Protein chains: 2
Amino acid sequence: MRRSSVGIREVAEAAKVSMMTVSRAIRGVEGVSEKKRAEILRIAKKLNYVPNSNARSLAVENSNLVGISLPTFANDVFAEILAGMRGTFEGAGYASVIDTTEYSPESEQRWVERLLTWRPAAVILTGIDHLPDVGQKLRSAGIPTLEIWDVTADPIDICVGIDHEAAGYELGRYAVTLGYQSPAYVGAPIGRDRRADARLRGIKRAFDEGPCSHPIRVAGRPERHAFGAGAAGIDELLQESRPDVVFFLNDHMAFGGMMACGRHGLRIPQDIGVVGFNALDLTTVLPVPITTAKTPRRQMGVVGARNLLARIHGVATERTTTLPITLIAGETTRGE
Amino acid sequence: MRRSSVGIREVAEAAKVSMMTVSRAIRGVEGVSEKKRAEILRIAKKLNYVPNSNARSLAVENSNLVGISLPTFANDVFAEILAGMRGTFEGAGYASVIDTTEYSPESEQRWVERLLTWRPAAVILTGIDHLPDVGQKLRSAGIPTLEIWDVTADPIDICVGIDHEAAGYELGRYAVTLGYQSPAYVGAPIGRDRRADARLRGIKRAFDEGPCSHPIRVAGRPERHAFGAGAAGIDELLQESRPDVVFFLNDHMAFGGMMACGRHGLRIPQDIGVVGFNALDLTTVLPVPITTAKTPRRQMGVVGARNLLARIHGVATERTTTLPITLIAGETTRGE
DNA sequence: GGAGATTACGTTAACGCTAACGTTATTAAC
DNA sequence: GTTAATAACGTTAGCGTTAACGTAATCTCC
């Protein structure tokens, strides 16, 4: 004989109707006269009735929770993707259970496992590389799943993103066209971020295909933060010799690198070219605009969420959606 | 007669024990022999058993979800606070339901209302200003609540943060000591961010108390992003006259402002002083270090989460915890 | 070797809600 | 004025789990 909190039953008693009528009134479904519905809602409010989502989800065998897994919050990129998605989901009445993996596949797997106990309406993962268990569990649970930020022809369920290898190639190609001949790359240790690795592959391919092939020097070791890592990368490169153009993993690192160049007395773009990635807000206020690639982050979130909502409602959607990037040309003294 | 998925019952049948024994085995509580427990776990894994948190939460009348409400993701500050909290909560087995209010109290209230239907173990709100309903509902639901980033003597439940007015005062006092006489402030429209408003009050007080009182010119209109807003603020100020020191709402805006100063041919710190807030990573790579205040963001998250966990377990903790900030002196040509 | 304590289970009844179906009023149709 | 259709409710059972209590077996100690 527990019972103390006010539930649908207490409201029903107070309103002298059945529990089912209260349930209907509160959910706003058909089968209750407008007069009675208003009366019930009034009483529910008076009694401070708070619906119990746990009970509801148990009864209907699903929830209005969506799980979202990101590598990290310490990067505006994911914040913007997230903002795009959440706007759409909030409007549809879903709440977001969010996790950050800190780039650890094991951590992602553990989280998915825990998440599944909540019977979420959908799951969103970042990237297309997961432990085999993850895809298998999501598939066998039949949960609509969106992979975002990267694309593959064979997603777990559906995916929306950009082609990172092609993006890298486009940036590399542009640099080749401008006549750069001793390129370098500053990023994270290979293997930590598969998207970054793909971009580097694209850059390399562009230089291999160029009029004459140029090897790329690769630098970059883990640092406390991206700005420092970019600066440290430049320091590392300059110990040996001066490249004529440096590609960075992203704009954060590019900015750190720029500052380091300044310390070393190198002018941009006269002495050294700088290429970033993402076209963050930061780059719009720089005195010297750098070359970068604008990624459709917000749009990605919106399109992804929309497709996923369609999947939830059983509407068929494209399994793979690749969004275009836009090359932003920085200031340069070369070419054309 | 629904039933199809595998629950505790199916596992029990397969293992030829009662449901209760399975429940005990899975939760790892006493009352099952080690041999039987191992056998049950083996069978559960074989049947792909996935616990149902909805049913569990319904039965025990609470969940292992914590709700976290932030103003926005578009600010490293909140990302770091969040990281500090989540580390602690993940370890304790809680999942985070996260919301961003975009600085709208109404949005926060709607979210709290929805969240309460999940019977969360705890709720974390940013700041101490909420619609009256919010505190009232959380209190009457008896849910441990943490207010973070700002402090008050009368929190909803407990709070951990910094004293923004005092922080502003400290920064202002420092500038007064250096002899600055025509200060200006660039921020968001008053009323949007109460913490920023409090800091501005502190800065004003410092200048009012100075050897001789100096009025502060206030600029700042909404922009697409913080960097642009900082730059626009400088443009706006310079249309009239040149202040000798400019306080910015935060480091992001300070950086935008610095870039704008460069455009206008103003050197820092010779022609104009720049003061930011937060000591973001960004400021560590600048060619000219600016004055700013280091806020203990990660620590705030950790301490907050720890206190909240104590509250959840019924351990009494201080209601209000104020953490200290550290003034970071930038480069300057004045004073001392 | 028997009273008491302990261990290892099983039974029963909730937790709050909703799907499915059943029942009673009300209206419409001829 | 009877029948058929519809709207507006009520009953019942079940969602998967756990708390509380019950029972049987084993152990402990003098």
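What this report covers is the structure whose coordinates are included nearby. (Residues numbered from 1 in each chain as written. Chains lettered and ligands numbered in written order. Predicted model: local features only at pLDDT ≥ 70, side-chain atom pairs only at ≥ 80, totals over all residues. Heavy atoms only, no water.)

## Let's talk about the sheet that holds strand β8 (residues 245-248) of chain A
All names here are of chain A.
Link 1 in the chain: Strand order in this open sheet of four strands is β7-β6-β8-β9, and the pairing throughout is parallel. Only two strands of the sheet have a single neighbouring strand rather than two, namely β7 (217-219) and β9 (273-275). Along the sheet, successive strands turn relative to each other by an average axial angle of 20°, direction set aside.
Link 2 in the chain: Where strand β6 (residues 183-186) and β7 come together, three bridges link them in parallel fashion. Among the inter-strand pairings, Ala-184 is bridged to a residue of β7, identified as Arg-217.
Link 3 in the chain: Most of the contacts of helix α9 (residues 194-209) go to β6, to which it runs at about 180°, and overall it touches β6, β7 and β8. (Pairing = 2+ DSSP bridges. Helix = DSSP H or I, 4+ residues; strand = E, 2+ residues; numbered from the N terminus. Axes fitted to C-alpha atoms, helices over the stretch in contact; angles between N-to-C directions. Contact = heavy atoms within 4.5 Å.)

## Here's the deal with the interface of chain A and chain B
Link 1 in the chain: Residue-level contacts link 44 residues of chain A with 44 residues of chain B.
Link 2 in the chain: Taken together, both faces of the contact between chain A and chain B bury some 4300 Å²; the carbon and sulfur share is 57%.
Link 3 in the chain: Taken as a group, Asn-54, Phe-73 and Trp-118 of chain A account for 16% of the area that chain A buries against chain B, more than any other trio of residues on that side.
Link 4 in the chain: Across the pair Arg-224 of chain B and Asp-281 of chain A runs a salt bridge whose closest N-O atoms are separated by 3.8 Å.
Link 5 in the chain: Scanning the region where chain A abuts chain B turns up 20 residue pairs in polar contact (both at pLDDT 80 or more).
Link 6 in the chain: Elements that contribute at least two residues to the side of chain A that touches chain B include exactly α4 (53-60), α5 (76-91), β2 (95-100), α6 (105-116), α10 (226-240) and α11 (251-263) of chain A.
Link 7 in the chain: Class assignment for the residues of the side of chain A that touches chain B results in 22 nonpolar, 13 polar and nine charged. (Buried area = accessible area lost by both parts, 1.4 Å probe. Salt bridge = Lys/Arg side-chain N within 4 Å of Asp/Glu carboxyl O. Polar contact = N/O pair within 3.5 Å; in protein donor to acceptor, adjacent residues only side chain to side chain. Nonpolar A, V, L, I, M, F, W, Y, C, P; charged D, E, K, R; others polar.)

## Re unusual backbone geometry
Residues and elements named next belong to chain A.
Link 1 in the chain: In this model, Ile-268 is joined to Pro-269 through a cis peptide bond whose omega is 5°.
Link 2 in the chain: Among the structural elements, Pro-269 can be located in the loop between α11 and β9.
Link 3 in the chain: The phi dihedral of Lys-16 falls on the positive side, at around 55°, and the residue is not glycine.
Link 4 in the chain: Structurally, Lys-16 is set in the loop between α1 (8-15) and α2 (19-27).
Link 5 in the chain: Lys-16 sits in the exposed class, given a relative accessible area of 76%.
Link 6 in the chain: The backbone of Trp-149 shows a phi angle near 90°, a positive value even though the residue is not glycine.
Link 7 in the chain: Note that Trp-149 resides in strand β4 (residues 145-150). (Buried < 20%, exposed > 50% of the residue type's maximum accessible area, 1.4 Å probe, protein only.)

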